[in-house]
Number of protein chains: 2
Amino acid sequence: MSIAEDVLAGRRYALSRVLTWIENDTAEGQEALRALFPHTGRAHLIGVTGAPGTGKSSLVNRMAYYYRHPPEGEPRRVAVVAVDPSSPFTGGAILGDRIRMRDLAGDSGVFIRSMASRGALGGLARTTAGVVQALDAAGFDLIFIETVGAGQAEVDIARLAHTTLVVEAPGLGDDVQAIKAGILEIADILVVNKADRPGAMATLRALTEMLKLAHPSQETIMHHGQRMTAAAGVRKADAPLWVPPVVKTVALNNEGMDDLAAAIARHRAHLEATGEWQVRDRVRLQTELENMLQEALMQHWRSRVPEGTYRRILEAVFTRRLAPADAVAQLLAADAPRPKNLPT
Amino acid sequence: MSIAEDVLAGRRYALSRVLTWIENDTAEGQEALRALFPHTGRAHLIGVTGAPGTGKSSLVNRMAYYYRHPPEGEPRRVAVVAVDPSSPFTGGAILGDRIRMRDLAGDSGVFIRSMASRGALGGLARTTAGVVQALDAAGFDLIFIETVGAGQAEVDIARLAHTTLVVEAPGLGDDVQAIKAGILEIADILVVNKADRPGAMATLRALTEMLKLAHPSQETIMHHGQRMTAAAGVRKADAPLWVPPVVKTVALNNEGMDDLAAAIARHRAHLEATGEWQVRDRVRLQTELENMLQEALMQHWRSRVPEGTYRRILEAVFTRRLAPADAVAQLLAADAPRPKNLPT
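Residues numbered from 1 in each chain as written. Chains lettered and ligands numbered in written order. Predicted model: local features only at pLDDT ≥ 70, side-chain atom pairs only at ≥ 80, totals over all residues.

K.L.:
When you look at the overall build of chain A in this model, what are you seeing that I'm missing?
P.N.:
The secondary structure content of chain A amounts to 15 helices and seven strands. Buried residues in chain A amount to 47% of all 344 residues. For chain A, the share of sequence-separated contacts (at least 6 apart) that also reach a separation of at least 24 residues comes to 76%. (Helix = DSSP H or I, 4+ residues; strand = E, 2+ residues; numbered from the N terminus. Buried ≥ 20, exposed ≤ 12 C-beta atoms within 10 Å, placed from the backbone. Contact = placed C-beta atoms within 7 Å.)

What follows is the structure, encoded as structure tokens:
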């Protein structure tokens, strides 16, 4: 029995091992992903982003608990991928795990994985994609992809989910207002966490106003970016538009979890009814593929250009004799296939 | 007279135009950068990063004013590049500008430019690099590169400066603690802004403790990443180590600007004495070059692979018949030069 079959059969130990391989980008990891990939596509991927201090980790924690102990219906299997692109080390991520452990320890229907950036940013996005695929194949119904902040890297990771939650909290200062303007565009559901704090009503009102200003239109649905066009034909032209709801929660007191779960369920129904579930799936896969391709092209190029040539051109840039744009032209030319059988 | 010569002669209007060209990635912009590049390398590049709500914009504003009206010595020419990778639009960046205008409007020794992400992240990093080069050539003595948050994208941008300021503020919640662990590694100078607020002493103590734990060693100096090795030989082995100082400021009351300016001056002297000024310069240029190269390789590849082939392989991935890793292998093969003159 292969390790991929063990993962498909729900064996935790096998899953942990495969995830470690994927994180370390080993050949075994790639082999396992190949075997698991046909079994992906069923999980509901939920991105969670927002400024530091909004209580995203606690919120995801409580939501995982909620889906494990729903007031009605069957418990759902929940995975959490906590991505910390700001930490080249695992400090922050580990801290997050400790907080989570208390409630969810020992529950085999929950799987939590922390990921810190190891080196390149593209690497983290690719690794996250692989980890999510493995969890999807392993049969988790909901996969929360939680990021530590609200920078571009985090937004890029969160927006590739089917449903993106943007978490806000009252009283985080003026800079946060500036961030909202940009991040609001990617929210499918807005969460005002810590809603028992002073200023919660003001935050709620401000967000509702900004949403009204945004005038939901075709563009709101098309926000996932340039690449959307490729697969956009899938969406039905007369489908209803999604107006992002604003949900109040107090994660620490376990308040609002039912409202948030209801909003998530409504969004999923909307995605399926409009065909956008498939659109987002395709956009995500295409982005993953292009990230991998970009890395492969760079590696390929490096293997073909002599180190000495590269060093010489670099040195000319360092000493300001060669502008970067000209250096790139020279580096590309250094790789050009030499025509053979030509008269010399 | 070319526009590059106008920029070198200090003409603001020419500089503005060139910056717009660079942002829009036009051929004129590339041409201007080519002409300006030999004149770069003199400015002191200062990255400013930290969580939202720490008051980075106000701090940079006050520092610019301080350098324009120093208690002793000549005024310095100051440029500010405010980078907002979280905003695909310019909302946040524009807000920042309005706040700044009041103090610095009409001063020809100050230049402020806001940049929001337009599309790709690599694009923003490259564009920022070009803008900084143009400002450097235009003769600004200090260039502050301020980012809106503390995600990986922001950190990547800020760390490419000669001196990286990490700004903290009291009472921003627990998530911020988690961020600190990662971001502390890149700080050359730690700033506790809003130091008149409750909790300032606690923040100061916590940071000082974390710095002690970090045990400044060779690694502290080598933190700028993997690529440092290439140029690392420049650093003298017996050079003194830099222990990041913690500076208290209250930007809104103009307090602590002298301490911060002194710390920045000490860091510059340290960089020059140890040879690390040059190391960081080279690391930055190499990173810029590799980002440009990566984009060029992708464009080059796209121009050579038929759209139909690409679509067919994508579709196989969408329908889970082909794993992404295998798709990348097929896409690379699709570009392989067909051997000619072979027996068929």
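K.L.:
It is not clear to me how the sheet that holds strand S1 (residues 44-49) of chain B should be interpreted in this structure. Could you clarify?
P.N.:
For sheets, the rule is that strands pair by backbone hydrogen bonds, running either parallel or antiparallel. Residues and elements named next belong to chain B. Strand order in the open sheet formed by seven strands is S3-S2-S4-S1-S5-S6-S7, with parallel pairing between adjacent strands. Single-partner strands in this sheet number two, and they are strand S3 (110-116) and strand S7 (246-248). Here the strands of the sheet are splayed against their neighbours by 20 degrees on average, with no regard to which way each runs. In this structure, strand S6 (residues 189-192) lies alongside S7, joined through three bridges in parallel fashion. Directly across from Val191, in S7, lies its bridge partner Val247. Across the sheet, helix H4 (residues 56-68) lies against S1, strand S2 (78-84), S3, strand S4 (142-147), strand S5 (163-168) and S6, angled at about 170 degrees from S4, the strand it touches most. (Pairing = 2+ DSSP bridges. Axes fitted to C-alpha atoms, helices over the stretch in contact; angles between N-to-C directions.)

K.L.:
Sorry if this is basic, but what is going on with helix H2 (residues 12-24) of chain A here?
P.N.:
Residues spaced three or four apart along an α-helix point in a common direction, a consequence of the helix completing one turn every 3.6 residues. Residue and element names in this part refer to chain A. Here H2 contains 13 residues, and its C-alpha end-to-end distance of 18 Å stays within 8% of the 18 Å for a straight helix at 1.5 Å per residue. Listing the buried residues of H2 in full gives Ala14, Leu15, Val18, Leu19, Trp21 and Ile22. In an axial view of H2, the angular spread of the buried residues amounts to 160 degrees, which keeps them on one side of the axis. Structural note: H2 exposes Arg12, Tyr13 and Asn24 on the side pointing more than 90 degrees away from its buried face. The first or second residue beyond H2 is Asp25, which carries a positive phi of 55 degrees. (Expected span 1.5 Å × (residues − 1). Arc of directions from axis to C-beta.)

K.L.:
Is there a simple way to think about the environment of Ala273 of chain B in this case?
P.N.:
Assignment of secondary structure puts Ala273 of chain B in helix H12 (residues 257-274). Ala273 of chain B sits 105 residues away from Glu168 of chain B along the chain, and the two C-alpha atoms are 28 Å apart.

K.L.:
Honestly, the pairing of strand S1 (residues 44-49) of chain A in this entry has me stumped. Any pointers?
P.N.:
Each regular strand shows side chains that alternate between the opposite faces of the sheet. All names here are of chain A. Where burial is concerned, most of S1 is hidden: six out of the six residues are buried. The pairing of S1 with strand S5 (residues 163-168) spans four bridges and is classified as parallel. In the strand pairing of S5, Thr49 is matched with Val166.

K.L.:
Honestly, the nonpolar core in this entry has me stumped. Any pointers?
P.N.:
Across soluble globular proteins, you tend to see nonpolar side chains buried next to one another. Ala134, Ile143 and Ile145 of chain A together with Ala134, Ile143 and Ile145 of chain B are the most contacted members of the largest nonpolar core, which totals 166 residues. Dropping the residues within four chain positions of it, Ile143 of chain A is found in contact with Ala43, Leu45, Ile46, Ala79, Val81, Val132, Leu135 and Asp136 of chain A. (Core = buried A, V, L, I, M, F, W, Y, C linked by C-beta atoms within 7 Å.)

K.L.:
Please clarify how the sheet that holds S1 of chain A should be interpreted in this entry.
P.N.:
All names here are of chain A. Pairing within the open sheet is parallel, and its seven strands lie in the order S3-S2-S4-S1-S5-S6-S7. In this open sheet, the two strands that pair with only one neighbour each are strand S3 (110-116) and strand S7 (246-248). Averaged over all adjacent pairs, the angle separating strand axes in this sheet is 20 degrees, with direction ignored. Strand contacts of helix H4 (residues 56-68): S1, strand S2 (78-84), S3, strand S4 (142-147), S5 and strand S6 (189-192), with the helix running at about 170 degrees to S4, the strand carrying the most contacts.

K.L.:
So what exactly am I meant to see when it comes to helix H15 (residues 324-334) of chain A here?
P.N.:
Burial in H15 of chain A covers these residues: Pro324, Ala327, Val328 and Leu331 of chain A. Buried residues in H15 of chain A, looked at end-on, bunch into an arc of 100 degrees, giving them a common side. Packed against the buried residues of H15 of chain A are helix H14 (307-318) of chain A together with helix H13 (276-304) of chain B.

K.L.:
Just to check I follow, could you spell out unusual backbone geometry for this structure?
P.N.:
A negative phi angle is the norm for most residues apart from glycine, just as the trans form is the norm for most peptide bonds. Residue and element names in this part refer to chain B. Phi is positive for Asp25, close to 55 degrees, though the residue is something other than glycine. Structurally, the position occupied by Asp25 is in the loop between helix H2 (12-24) and helix H3 (27-36). Assessed through the 13 C-beta atoms surrounding it within 10 Å, Asp25 is described here as partly exposed. For Asn254, which is not a glycine, the phi torsion comes out positive at approximately 65 degrees. If you trace the backbone, Asn254 turns up in the loop between S7 and H12. Residue Asn254 is classed as partly exposed on the basis of its 13 C-beta neighbours within 10 Å.

K.L.:
How should the confidence of the model for chain A be read in this particular structure?
P.N.:
This prediction gives chain A a mean pLDDT of 80; 76% of its residues lie at or above 70. Within the model, the stretch residues 88-98 of chain A combines pLDDT values under 50 with 31 contacts to residues more than four positions away or in other chains. (pLDDT = per-residue confidence, 0-100.)

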